[in-house]
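Here's the letter readout for the chains.
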Amino acid sequence: MNALFPAGFRWGSATAAYQIEGAAAEDGRTPSIWDTFSRTPGKVRNGDTGDIAADHYHRVREDVALMKSVGLTDYRFSLAWPRVQPTGRGPAGQKGLDFYRCLADELLEAGIRPVATLYHWDLPQELEDAGGWPERATAERFAEYAGLAAEALGDRIGTWTTLNEPWCAAFLGYGSGVHAPGRADDQAALRAAHHLNLAHGLAVRALRDALPTTVEVSLTLNLHVARPLTDTPQDVDAARRIDAVGNRIFLDPVFHGRLPADLVADTAHLTDWSFVRDGDLTAISAPIDSLGVNYYSPALVAAGRSESPSAWPGAADHVRFLPAPGPRTAMDWPVDASGLHELLLRLRDELPGVPLLITENGAAYDDYADPEGAVHDPERVAYLDAHLAAVRRAIDDGADVRGYFLWSLLDNFEWAYGYGKRFGIVHVDFASQRRTPKDSAHWYAEVIARGGLPR
Ligand code: FCB
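Figured I'd write up the structure that's included with this text. Note that residues are indexed from 1 along each chain, following the sequence as it is written. Predicted model: local features are reported for residues with pLDDT of at least 70 only, side-chain atom pairs are reported and counted for 80 or more only, and whole-chain, interface and lining totals are derived from all residues. Side-chain figures throughout are based on the complete set of non-hydrogen atoms in the structure, without hydrogens or water.

### Details of the sheet that holds strand β4 (residues 159-164)
For clarity, the threshold we go by: Pairing between strands is defined by DSSP: at least two bridges between them are needed. Per the convention used, a helix needs a DSSP run of H or I reaching at least four residues, while a strand needs a run of E reaching at least two, with both numbered from the N terminus. Throughout, an axis means a line fitted to C-alpha atoms (over the contacting stretch in the case of helices), and angles, computed between N-to-C directions, take values from 0 to 180 degrees. Contacts: residue pairs with any heavy atoms within 4.5 Å of one another.
Read around the closed barrel, eight strands run β1-β2-β3-β4-β5-β7-β10-β11, paired in parallel fashion. When the angles between neighbouring strand axes are averaged without regard to direction, this sheet yields 25°. Examined bridge by bridge, strand β2 (residues 74-78) and strand β3 (residues 113-119) share five bridges and lie parallel to one another. In the sheet register, Arg76 faces β3, and the bridge partner there is Val115. Across the sheet, helix α9 (residues 186-210) touches β3, β4 and β5 (216-221), and the angle it forms with β4 is around 165°.

Right, here's the structure in full:
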């Protein structure tokens, strides 16, 4: 295998606003659904909230300097909708925009390309109060917000991602309820998925209207690699159902302007899909310039039943999830880089001509700073090495992968797990906010400097 990556490969890292920024009530930011959810007893471990997080809002210079020391060529972050457009309607929040202007300027000055995601799950609470993603109006609000952000920041930001992982927003937020806003309603989750697709399509149009044609417009999906336990028709059908409501519910509308027929059949007892209006699928399938892929681990499935309430409408009554083999991360997620290779080859075959970016990949481990102040994380290094090798193999096999964004730069607020799960290549001591690059940060810096893996 060639261990070097193609010239021009984008070496990045990723974060998200609510997970690192803190400053939750500063400079006109209004509450998002994650502020509300994290304050609801029992929803987030240890009662953790994003009020302070990694205090990135006040430490932009220091954090960009860390990125520069690692040698990142690109940095993926998200804009907090409740900062950029407090309450989700009307005029932009100038101080919120100033923060992102300053971040983008610091990045550009450091020679790092800013990659902005418009929605990484922090819906303004006022829009949830008006019905949230199950309501069509939320998609229309999102397109307005996209237009505002593009007008204000388009001179500094060359890559725009509309949504991060709409599957999680729809099915963990409204299906299983383990994420904000914490509703458990299969039908609402399916409506949310459609309106997130619509939000994406309308935002693509708003971005194109506001920005020069050279700007890259993208979407990030967490695509599921669901492997059947056996090749019996029942187990194969279980994997098909997960693929329908986990992957093709987004891929088919976005890239082919259609709903998957099997998904409509699987969910017929829940909805007639009449919330999909004429013209929606055309809007959703507006061409984009690349697809962002987030990958952590594969799943093993078999015929059976899942617990209720579940994140898998139309599949849960027919599918059970089994522990996949292999070592585990601190999230209890199996480590298996072959799933990433498999996924990239599938996208090579199904979406020819669509450049791919790995917009998230990484692992949580129970890291700590030793008495000398070093953080040794050999398991994370092994995880990253194996997954980058899988990407490199996929490129050799013809997948058009243009970049890799490691999740995550900093230890941060890991949603329902709070601060207990550390994904960063930079350790954060949340009491002092001291940053300490872990061994993996030094390792990644060497990979970037070399342009590939140490082979
Ligand atoms: C993804 C999220 C990201 C982070 C990682 C571990 O689903 O997009 O914010 O929490 O998982």
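Past the structure itself, the notes keep going.
### Observations concerning the site of the ligand
The condition is simple: Residues are labelled near a given molecule or strand when at least one of their non-hydrogen atoms is within 4 Å of it. Pairs of N or O atoms within 3.5 Å make up the polar contacts considered here, provided that, within protein, one atom can donate a hydrogen while the other can accept it, and that residues adjacent in sequence are counted only when both atoms are side-chain atoms. Each accessible area is a Shrake-Rupley estimate made with a 1.4 Å probe; only the visible protein chains count as cover when residues are assessed. Amino acids are sorted into nonpolar (Ala, Val, Leu, Ile, Met, Phe, Trp, Tyr, Cys and Pro), charged (Asp, Glu, Lys and Arg) and polar (every other residue, Gly among them).
If you check the shell around the ligand, you find Gln19, His120, Trp121, Asn164, Glu165, Tyr296, Glu360, Trp407, Glu414, Trp415 and Phe423 and nothing else. Separating an oxygen atom of the ligand from a side-chain N or O atom of Gln19 is a distance of 2.7 Å. A distance of 2.5 Å separates an oxygen atom of the ligand from a polar side-chain atom of Glu165. Compared with its free state, where it exposes 300 Å², the ligand has 94% of that area covered by protein. Looking at side-chain class alone, the shell around the ligand contains five nonpolar, three polar and three charged residues.

### A few points about the side chain of Thr161
Relative to the helices and strands, Thr161 resides in strand β4. Those residues in contact with Thr161, other than ones at most four positions away along the chain, are Val115, Ala116, Thr117, Leu118, Ser218, Leu219 and Thr220.

### A short note on helix α3 (residues 60-70)
Just so we agree on the cut-off: Only protein chains enter the calculation, and the probe is 1.4 Å; a residue is then buried if its accessible area is under 20% of its type maximum, exposed if over 50%, and partly exposed in between. Throughout, the arc means that of the directions going from the helix axis to the C-beta atoms.
Among all positions in α3, only Val60, Asp63, Val64, Leu66, Met67 and Val70 are buried. Projection of α3 onto a plane perpendicular to its axis shows the buried side chains occupying an angular sector of 150°, all on one side. Pointing more than 90 degrees away from the buried face of α3 are the exposed residues Arg61 and Ser69. Packing partners of the buried residues in α3 comprise β2, α5 (94-109), β12 (426-429), β13 (434-437) and α15 (439-450). One or two positions beyond α3, positive phi appears at Gly71, with a value near 90°.

### Concerning the environment of Ser310
You can see Ser310 is positioned in the loop between β8 (299-303) and β9 (319-322). Between the C-alpha atoms of Ser310 and Asp186, which are 124 residues apart in sequence, the distance is 8.1 Å. In this structure the side chain of Ser310 is engaged in a polar contact, spanning 2.8 Å, whose partner is the backbone nitrogen of Trp312.

### Details of the packing of aromatic side chains
Counted only if it meets this: Paired rings are identified among Phe, Tyr and Trp, the last through its six-membered ring, by centres lying within 6.5 Å, and are further divided according to the angle between planes into stacked (under 30 degrees), edge-to-face (over 60) and tilted (the rest).
All chains considered together, the criterion is met by 32 aromatic pairs. Measuring from ring centre to ring centre gives 6.1 Å for Trp34 and Phe413, while their planes differ by 80°; the resulting arrangement is edge-to-face. Taken together, the residues span a long stretch of sequence, with Trp34 in helix α2 (residues 33-38) and Phe413 in the loop between β11 (401-407) and β12 at a distance of 379 residues. Pair check on accessibility: Trp34 and Phe413 agree, each one buried. Between Tyr119 and Phe142, the ring centres sit 6.3 Å apart and the planes meet at 85°, which makes this aromatic pair edge-to-face. Of the two residues, Tyr119 is situated in strand β3 and Phe142 in helix α7 (residues 136-153); the sequence distance between them amounts to 23 residues. Take Tyr119: its relative accessible area is 2%, and that puts it in the buried class. The class for Phe142 is buried, based on a relative accessible area of 0%. The structure contains a cluster of three or more aromatic residues connected by ring pairs, namely Tyr18, Trp34, Phe37, Trp121, Phe413, Trp415, Tyr419 and Phe430.

### Here's the deal with the nonpolar core
Our working rule: Remark: nonpolar core denotes a set of buried residues (Ala, Val, Leu, Ile, Met, Phe, Trp, Tyr, Cys) joined through side-chain atoms within 4.5 Å.
Within the largest apolar cluster, 156 residues are counted, with the highest numbers of intra-cluster contacts made by Tyr119, Trp160, Phe171 and Tyr444. Counting residues per element, this core draws most heavily on α9, which supplies twelve residues. Once residues lying within four places of it in the same chain are set aside, the contact partners of Phe171 are Ser176, Gly177, Ala189, Leu190, Ala193, Val245, Ile249, Phe250, Ala311 and Pro313.

### Points about α5
Stated formally: The span expected for a helix works out to 1.5 Å for each residue beyond the first.
A rise of 1.5 Å per residue sets the reference length of α5, with its 16 residues, at 22 Å; its end C-alpha atoms lie 22 Å apart and thus fit the reference within 8%. Those residues of α5 lying buried are Gly96, Leu97, Phe99, Tyr100, Leu103, Ala104, Glu106 and Leu107. Next to the buried residues of α5 lie α1 (17-20), α3, β2, α4 (81-84), β3 and α7.

### Quick word on the pairing of β4
Side-chain positions along a regular strand alternate between the two faces of the sheet. Most of β4 is tucked away: six of the six residues are buried. Alignment of β4 against β5, held across four bridges, turns out to be parallel. Within the sheet, the bridge partner assigned to Thr161 lies in β5 and is Ser218.

### Quick notes on unusual backbone geometry
The residue after Ala180, namely Pro181, is reached through a cis peptide bond having omega 5°. Looking at the secondary structure, you find Pro181 in the loop between α8 (166-172) and α9. Unlike most non-glycine residues, Asp27 shows phi in positive territory, near 55°. Position of Asp27 relative to the elements: it lies in the loop between α1 and α2. Classification of Asp27 by relative accessible area gives partly exposed; the value is 36%. Even without being glycine, Asp332 reaches a positive phi, approximately 70°. As for its placement among the helices and strands, Asp332 is situated in the loop between β9 and α13 (338-350).

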